[in-house]
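Residue strings, one per chain:
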Amino acid sequence: MVEINYYIILSAVLFTIGALGVLVRRNALIIFMSIELMLNSANLAMVAFGSVLESFSGQIFVFFVIAVAAAEVAVGLALIVEIFKSKRSIDVDQMNSMKG
Amino acid sequence: MNLDLILFLVLAVVAVATAIGMLLSRNAVYSALFLVLNFITVAVFYLLLGAPFIAMAQVTVYAGAIMVLFLFVIMLLGAESLPKAEVLPWQKPLAVILGFVLIAEAAYLLITRARPLGQIAPPGDAANDPLTLQQLGMSLFQDYLLPFEVTSILLLVAMVGAIVLIRKERRVH
């Protein structure tokens, strides 16, 4: 038997590491990976809650989150490739103008 | 200290260590591989929580498809590591301090406020029963039919969007 609090704390820790990645790193790809990590930590909390409540809703929400994450990655990586084509770099410090 | 708790702690250490490895790796390829390991660890957590379907979806979609896409783009762009440049020197320490504030705040609020209470039992035989999967599918296609269909449209739009973004523009004179 594992307390649900442990899962909550693990989820909070993983989320914070993801948030730190977004704040600290300059590589747009790694910032993107950190966002995936944050989504994943939220998924973990949702499945843990669903497991305690003995309901399928948590799992189904996670299923939708995974689908949305896949869509988000497809569009986001296309955007990063486009930015790289115009700027020759994916350093977010270089992306300081809206003009392509 | 029971077996479940030991398993949880070992997996938690692996999950946090791989997440920190992703955060600190200089090379983006190493970051991506650390993240794959993290996703697989989370899939094992899903198995512990009695959600085998989500665990398999996690492995195929996240650790499989999404991370392969990431690795493709990293290698396509040749952007494994960026040249060193410190634009905002106070940003990193501030981010670490704010991160600890966030973790304390999130854990405090999640533990003290309204939430489902209780202990998570190890998954019994029911978790692997096809009947459970059948119930999950019924719930997905009956109670959540509209969100499911909307998700398919979302995936279509994302696919078209990615193609439109990557497509070479033809200049018309």
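As a starting point, this report considers the structure included with it. These numbers were taken from a predicted model, which means no experiment stands behind them. (Residues numbered from 1 in each chain as written. Chains lettered and ligands numbered in written order. Predicted model: local features only at pLDDT ≥ 70, side-chain atom pairs only at ≥ 80, totals over all residues.)

### Here's the deal with the overall build of chain B
And step 1. When helices and strands are counted, chain B shows 6 helices and 1 strand.
And step 2. Ordered by position from N to C terminus, the α and β elements of chain B give α-α-α-α-β-α-α.
And step 3. Principal axes of the C-alpha set define a box for chain B whose edges measure 65 × 45 × 30 Å. (Helix = DSSP H or I, 4+ residues; strand = E, 2+ residues; numbered from the N terminus.)

### Quick notes on the overall build of chain A
And step 1. Scanning chain A from N- to C-terminus turns up 3 helices and 1 strand.
And step 2. Ordered by position from N to C terminus, the α and β elements of chain A give β-α-α-α.
And step 3. Compactness check: chain A gives a C-alpha radius of gyration of 17 Å against a globular reference of 13 Å for 100 residues, more than 25% above the reference.
And step 4. In terms of overall dimensions, chain A has a C-alpha envelope of 55 × 25 × 15 Å along the principal axes.
And step 5. Looking at the 100 residues of chain A, the share that counts as buried comes to 52%.
And step 6. Taking contacts inside chain A between residues at least 6 apart in sequence as the whole, the part at least 24 apart equals 43%. (Rg over C-alpha atoms; globule rule 2.2 N^0.38 Å. Buried ≥ 20, exposed ≤ 12 C-beta atoms within 10 Å, placed from the backbone. Contact = placed C-beta atoms within 7 Å.)

### As for unusual backbone geometry
Residues and elements named next belong to chain A.
And step 1. Residues other than glycine seldom take positive phi values, yet Glu54 does so here, at roughly 55°.
And step 2. With respect to the helices and strands, the residue Glu54 is situated in the loop between helix H2 (28-53) and helix H3 (57-87).
And step 3. Unlike most non-glycine residues, Arg88 shows phi in positive territory, near 60°.
And step 4. Here Arg88 lies in the segment after H3.
And step 5. On the basis of neighbour count, Arg88 is assigned to the exposed category, with 9 C-beta atoms found within 10 Å.

### Re the interface of chain A and chain B
And step 1. In this complex, chain A contributes 60 residues to the contact, which on the side of chain B involves 69 residues.
And step 2. Of all the elements in the fold, those that place two or more residues in the side of chain A that touches chain B are strand S1 (2-3), helix H1 (4-24), H2 and H3 of chain A.
And step 3. Broken down by element, the side of chain A that touches chain B gets its largest block of residues, 21 residues, from H3 of chain A.
And step 4. Tallied by class, the residues present in the side of chain A that touches chain B amount to 47 nonpolar, 7 polar and 6 charged.
And step 5. One ladder, built from 2 bridges, connects S1 of chain A with strand S1 (residues 119-120) of chain B; its direction is antiparallel. Across the sheet, Val2 of chain A pairs through a bridge with Ile120 of chain B, a residue of S1 of chain B. (Nonpolar A, V, L, I, M, F, W, Y, C, P; charged D, E, K, R; others polar. Pairing = 2+ DSSP bridges.)

### Considering the packing of H3 of chain A against helix H6 (residues 145-166) of chain B
And step 1. For the pair H3 of chain A and H6 of chain B, interaxial distance at closest approach is 9 Å and the crossing angle is 10°. As far as their axial angle goes, H6 of chain B and H3 of chain A are roughly parallel. Residues Phe64, Ala67, Val68, Ala71, Ala74, Val75, Ala78, Leu79, Val81 and Glu82 of chain A of H3 of chain A pack against Pro147, Thr151, Leu154, Leu155, Ala158, Met159, Gly161, Ala162, Leu165 and Ile166 of chain B of H6 of chain B.
And step 2. When grouped by side-chain class, the residues that make up the contact of H3 of chain A with H6 of chain B number 17 nonpolar, 2 polar and 1 charged. (Axes fitted to C-alpha atoms, helices over the stretch in contact; angles between N-to-C directions. Parallel < 35°, antiparallel > 145°, perpendicular 65-115°, else oblique.)

### Observations regarding helix H3 (residues 52-77) of chain B
And step 1. Taking 1.5 Å per residue as the helical rise, H3 of chain B with its 26 residues ought to reach 38 Å, and the 36 Å between its terminal C-alpha atoms agrees with that figure.
And step 2. Maximum bend of H3 of chain B: about 30°, positioned at Met67 of chain B.
And step 3. Burial in H3 of chain B covers these residues: Ile54, Ala55, Gln58, Tyr62, Ile66, Phe70, Val73, Ile74 and Leu77 of chain B.
And step 4. In this fold, the buried residues of H3 of chain B make contact with H2 and H3 of chain A together with helix H2 (28-48) of chain B. (Expected span 1.5 Å × (residues − 1). Bend = angle between axes of the 7 residues up to and from the residue.)

### Examining the packing of H1 of chain A against helix H4 (residues 91-112) of chain B
Helix packing geometry: the angle between the two helix axes and the distance between the axes.
And step 1. Where H1 of chain A contacts H4 of chain B, the axes come no closer than 9 Å and their chain directions differ by 155°. Considering their axes alone, H1 of chain A and H4 of chain B lie roughly antiparallel with respect to each other. Here H1 of chain A and H4 of chain B pass one another in a crossing that is right-handed. Residues Asn5, Ile8, Ile9, Ala12, Val13, Phe15, Thr16, Ala19, Leu20, Leu23 and Val24 of chain A of H1 of chain A pack against Lys92, Ala95, Val96, Gly99, Leu102, Ile103, Ala106, Ala107, Leu110 and Ile111 of chain B of H4 of chain B.
And step 2. Looking at side-chain class alone, the contact of H1 of chain A with H4 of chain B contains 17 nonpolar, 3 polar and 1 charged residues. (Left-handed = near helix turned anticlockwise from the far one by under 90°.)

### Brief notes about the environment of Ile66 of chain B
And step 1. Assignment of secondary structure puts Ile66 of chain B in helix H3.
And step 2. It is 23 Å that separates the C-alpha atoms of Ile66 of chain B and Ala12 of chain B, two residues lying 54 residues apart in sequence.
And step 3. Ignoring any residue separated from it by four or fewer positions in sequence, one finds Ile66 of chain B in contact with Glu36, Ala69, Ala70 and Val73 of chain A together with Val61 of chain B.

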